[in-house]
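Each chain, written out:
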Amino acid sequence: MSADVELQNISVTFGNFYAAKNVNVKINEGEFFSFLGPSGCGKTTILRAISGFLDPSEGKVLIGGKDMGGIGPNKRPTSLIFQNLALFPLMSVAENIAFSLEVKGVDKIERRKRADELLELIALSGQGDKKVHELSGGQKQRVAIARALAIEPQVLLLDEPLSALDLKLRQKMRTELRAIQKSVGITFIYITHDQGEALTMSDRVAVMNEGELEQVGQSNDVYNFPQTPFVATFVGENNAFHCKVVSTEKDFVKVDFDGVHFFAKAGGDNKKNHNFKKGQEVILFIRPESIFIRDKSNKFENNFSAKLKTIEFEGNLKNIYLNLNSKMDVRFSVPNAVDTSNLSLNKEVDLTFSSSKAVVLPSGPLAVD
Amino acid sequence: MLDLSFRPNLPPLLRGGPDDVHTLVHYKHFIFGSETSQDKFNYVDIGVFFNTIFTAILVTVINLCFCYPIAFYMAKVASPSTSRLLIISLIIPFWINELLRSFALRILFAGEGVINNVLLGTGLIDTGINFIAQDVALYTGLTYAYILLMIFPLYNAIESLDSNQLEAAKDLGSSTIRTHWRIVIPHAKAGIASGCTMVFMLTAGALATPVVLSSPNTYWFTQLIYQWFNMNDNWSRGSAYSILLLTISVTFVLLMMRIFKVKIGEIIR
Ligand SMILES: Nc1ncnc2c1ncn2[C@@H]1O[C@H](COP(=O)(O)OP(=O)(O)O)[C@@H](O)[C@H]1O
Ligand SMILES: [Mg+2]
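Conventions adopted
- Residues numbered from 1 in each chain as written.
- Chains lettered and ligands numbered in written order.
- Predicted model: local features only at pLDDT ≥ 70, side-chain atom pairs only at ≥ 80, totals over all residues.
- Heavy atoms only, no water.
- Pairing = 2+ DSSP bridges.
- Helix = DSSP H or I, 4+ residues; strand = E, 2+ residues; numbered from the N terminus.
- Buried < 20%, exposed > 50% of the residue type's maximum accessible area, 1.4 Å probe, protein only.
- Lys, Arg positive; Asp, Glu negative; His and termini not counted.
- Salt bridge = Lys/Arg side-chain N within 4 Å of Asp/Glu carboxyl O.
- Contact = heavy atoms within 4.5 Å.
- Axes fitted to C-alpha atoms, helices over the stretch in contact; angles between N-to-C directions.
- Phe/Tyr/Trp six-rings, centres within 6.5 Å; stacked < 30°, edge-to-face > 60°.
- Buried area = accessible area lost by both parts, 1.4 Å probe.

1. Observations concerning the sheet that holds strand 2 (residues 17–27) of chain A
Residue and element names in this part refer to chain A.
- The four strands are arranged 2-1-4-5 in an open sheet whose pairing can be described as antiparallel. The open sheet terminates on both sides in strands that have one partner only, identified here as strand 2 and strand 5 (66–67).
- Alignment of strand 4 (residues 58–63) against strand 5, held across two bridges, turns out to be antiparallel. Looking at strand 5, one finds that isoleucine 63 is bridged to lysine 66.

2. Topic: the side chain of Glu197(A)
All names here are of chain A.
- Within the element layout of this structure, glutamate 197 appears in helix 7 (residues 195–201).
- Although glutamate 197 lies buried, it forms no salt bridge, and the closest oppositely charged side chain, arginine 170, sits 4.0 Å away as judged by the N-O distance.
- The contact partners of glutamate 197, leaving out residues within four places of it in the chain, are Leu162, Arg170, Arg174, Tyr190 and Thr192.

3. Some thoughts on the sheet that holds strand 10 (residues 212–217) of chain A
All names here are of chain A.
- Judged by pairing direction, the sheet is mixed, and its six strands sit side by side in the order 6-7-8-3-9-10 without closing on themselves. Strand pairing shows two members of the sheet lacking a second neighbour, strand 6 (78–81) and strand 10, which therefore form its edges. On average, each strand axis in the sheet is tilted by 15° relative to the strand beside it, whichever way the strands run.
- Across four bridges, the pairing between strand 3 (residues 32–36) and strand 9 (residues 204–209) is parallel. By the bridge assignment for strand 9, phenylalanine 33 is matched with arginine 204.
- Docked against the sheet, helix 5 (residues 137–150) engages strand 6 and strand 7 (155–159), running at close to 165° with respect to strand 6.
- Against the sheet, helix 6 (residues 167–184) contacts strand 3, strand 7 and strand 8 (187–192), and its axis sits at roughly 160° relative to strand 8.

4. So, helix 7 (residues 136–145) of chain B
- Burial in helix 7 of chain B covers these residues: Ala137(B), Leu138(B), Gly141(B), Leu142(B), Thr143(B) and Ala145(B).
- Packed against the buried residues of helix 7 of chain B are helix 3 (43–77), helix 5 (98–109), helix 8 (147–159), helix 10 (176–204) and helix 11 (208–213) of chain B.

5. Digging into the packing of aromatic side chains
- Enumeration according to the criterion identifies 25 aromatic pairs over all chains in this entry.
- Aromatic side chains Phe304(A) and Phe353(A) sit 6.0 Å apart centroid to centroid with 70° between the ring planes, which places their arrangement in the edge-to-face category. Taken together, the residues span a long stretch of sequence, with Phe304(A) in strand 18 (residues 302–314) and Phe353(A) in strand 21 (residues 348–353) at a distance of 49 residues.
- Since its relative accessible area comes to 0%, Phe353(A) is described here as buried.
- An angle of 25° between the planes, with centres 3.8 Å apart, marks the rings of Phe200(B) and Phe252(B) as stacked. With Phe200(B) in helix 10 and Phe252(B) in helix 13 (residues 235–260), the pair connects residues that are 52 residues apart, well separated along the chain.

6. Remarks on the pairing of strand 2 of chain A
Residues and elements named next belong to chain A.
- In this structure, strand 1 (residues 5–14) lies alongside strand 2, joined through seven bridges in antiparallel fashion. Residue pairing for strand 2: valine 12 is matched across the bridge by alanine 20.
- The turn linking strand 1 back onto strand 2 is made up of two residues, and glycine 15 within it adopts a positive phi angle of 65°.

7. Examining the interface of chain B and chain A
- Taken together, the contact pairs 16 residues of chain B with 23 residues of chain A.
- Buried surface at the junction of chain B and chain A, summed over both partners, amounts to about 1,800 Å²; 57% is from carbon and sulfur atoms.
- Area buried by chain B at its contact with chain A is led by Asp171(B), Leu172(B) and Arg182(B), which between them contribute 39% of it.
- Connecting chain B to chain A are four salt bridges.
- Note that Arg48(A) is salt-bridged to Glu167(B), the shortest N-O span being 2.8 Å.

Structure below.
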């Protein structure tokens, strides 16, 4: 069974510090939903409010439409996977998995049967008698998932469960997690500071900053149509051009950047485009993969040139850094296969980008990296 | 001392002489009593011995039951500043000498003592309770005397438990009692064993507290040892009795290790 989760105006304060502020979101039944944000932005706080380890200072948590106020974590239909997993080191793997059944008074044979079923689900059949410390990082990870699923929760809460794993394993576990979610069909609420994780696994993502939700949407919407400068720079890479508005035309804006004019989409806020005024300070965002070297085959509405600084090799991509003026660097990337031998250091390179790939947003704080 | 316990009690002049042989006479005395006594066994000394052991075990158990919640509270519930305050208020009374502390308890528990006066004053009881004769004072005194040696190993052990495990257990539906039984106690067992052995050994070997607080007809085994050494000037017999106490203490430690399945290294840590 699965349930939806609704956060109504949740605020959590520690003293007069807001760890979460006015969080409003409805997470659908059976959805894989991620909270994405830098560390310290309040993700764990939100998860603890949902699981019941923490009472929000304001607002309500509804699970399956039921107000969870005053209901303890052991009575909620949720199950939490801790950032450090918190497996019980003195119990065997099977005992760990079946702990919630032991609590319910299920007899030993039945417990073992259920544990074995779950071990099969997480591809660890026959390893039930091992001690926790005999498992590898990825296996522990899966045991933690099995233990959390044994209680048959309606909502599974995951607190950066992959952060301790190395890159390859992390990528493998993403796929596995997603598959497990599909097969059990319950709501997963996943928190992470890793945008790759959030974008690949989730049905929807909520981007958080300093306790507030910046934007909620599907992965590609969040990536392609950021609504705030923070989202534009936290999710993926972006070049930020600080400009002034020259004129607006329907969904597009013409901006001035040090005398050069660019043409770009007007960014929107909750499906409604921002209302820009002439002379307003704005930021134009264009992603590294959307900037091209201008030649016969690549010619778009927006053109500028910059001095080549370095070319960085990143496996599948080459990142090319250029110096636009004393204050600003631009970065773009090309697939590794593209020949860059004709570019030479400190030489001006002519660049171009499409106005449909660039977004203009009102000025605001960027994500610092 | 082990050697001394197997030698007869001789005046200094005869030591090293032909009479100074190894003998079990002192151990015999413990079991069968003096040759002049009518009884088959030395009921008095054996009685005192087992009473001491039994009481020491009881005191250890009371101590554990009393200290575990305090240690848990300090380690996992209280804020750091509260638990610091608690630790200090636990330690300060122990700056005072053990003998003085025992006398302080005696004043509290005496027939005309503070506790009786309060109980009588509030009308909870009609006649004063003789805490000393009931050995309540003794148990309390012994329990209190080594409380720190129980609390600190427990505190250290519980402190090192990852708090997320407590939350994980709760999240999986576990009740408080089960969480303690399945998670906290197994984690803290080395600390429990270490606290119990220390408290047991020191309680069984205590002298000042029993002297001050025991009822006139309760003897502590150490009091007997003391008598043999000092009043009767029989060092050999005193040694033999000490060895007996030492043996039982070591046995107890080994037993604790067996029960809790911990290694000696873990206890000392
Ligand atoms: N118990 C607490 N007391 C005081 N501040 C806290 C407490 N828990 C979290 N915070 C603060 O709240 C903010 C958000 O924390 P958290 O939700 O853990 O962030 P995240 O999981 O996104 O890294 C942090 O600045 C943290 O220091
Ligand atoms: Mg966190």
